[in-house]
Structure formats: structure tokens, C-alpha cells
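Remarks on the overall topology
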Amino acid sequence: MATKAALVGICTIILDPSRKYFLLGQRLGKVMTAKLGLPGGMIEVGETLEEGSSRELREETSLIARRQTYIGAIREERKNEDDFIHFAFVCEDYSGRCV
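My aim in this report is to walk through the structure given alongside it, one point at a time. Quick caveat: nothing in here was measured; it's all calculated off a predicted structure.

Moving on: the nonpolar core. Ile 14, Leu 57, Leu 63, Ala 65 and Cys 91 together form the largest nonpolar core, which totals five residues. Every residue in contact with Ile 14, bar those within four places of it in the chain, is listed here: Tyr 21, Phe 22, Leu 23, Leu 57, Leu 63, Cys 91 and Tyr 94.

Shown next, in the form of C-alpha cells:
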């Protein structure tokens, strides 16, 4: 039996100032295309989890994170692929306008 690996990435929960709403986006990539999801993606070599979270947030939404809080890890078990470990952050302090 082949051994499965775990890919490492991040996801960021963006809360509005009222803390009543959070941001979801429609996925455009190869994985789960057209489904709704949190901003996030793979960690690049040499960057910290927080740096990866900030970069993915900026790339996917144009928002700039000022401060983020790590809240935990989520393991996504995939049947026919490697599992995916999401390190999750919450961001309530950000600037910019979401595109």
C-alpha cells in the first residue's frame, strides 16, 4: 500500500468590524473549482505560516493583513490524494478593498 503524504497550507477567516460576517470566495483553481472557500493556499519555501497567510490574502483578495491570530490546524483527509493540513488564522485588522 502506498504511503500518503500531507500537504501544508493556510486559510484565513476575515471578519468584518461587526464580527457578524466573514469572507468567502468562489474557488477558481483545479481543486474544488466553483466551490466557496476561505482565502488561502500553499505555504512557499522559506516563509512562515503568518507570512503565507498574509501573502495568500493579498493575492486572492487585495486585502493587507495588519494583524492575524493563529487559531489551529485542520486536517483535510482526501480519499485518492495526499491529505492537506490547513493552518488557520483569523484576521480582523486589515486594510484595502476586497476585489
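Moving on from the coordinates now.
On a regular strand, one side chain projects to one face of the sheet and the next to the other, so that they alternate. Bridge analysis of strand S5 (residues 64-76) against strand S6 (residues 83-95) gives ten bridges, and the strand direction is antiparallel. Following the sheet pairing, Thr 69 is matched in S6 by Val 90. Hairpin geometry of S5 and S6 is characterised by an intervening segment of six residues between the two adjacent antiparallel strands.

Criteria and thresholds
Throughout this document, residue positions are counted from 1 along each chain, in the order its sequence is written. In keeping with the predicted nature of the model, local features appear solely for residues at pLDDT of at least 70, side-chain atom pairs appear and are counted solely at 80 or more, and the whole-chain, interface and lining totals rest on all residues. Side-chain measures here rest on the full set of heavy atoms in the structure, leaving out hydrogens and waters. Working definition of a nonpolar core: buried Ala, Val, Leu, Ile, Met, Phe, Trp, Tyr and Cys residues. They are joined through side-chain atoms within 4.5 Å. Partly exposed describes any residue whose relative accessible area lies between the buried limit of under 20% and the exposed limit of over 50%, with all areas from a 1.4 Å probe on protein chains only and scaled to the type maximum. Note on contacts: a residue pair is in contact if any heavy atoms of the two residues lie within 4.5 Å. At least two bridges found by DSSP between two strands is the condition for calling them paired. By definition, any uninterrupted DSSP run of H or I lasting at least four residues is a helix, any uninterrupted run of E lasting at least two residues is a strand, and each is numbered from the N terminus.

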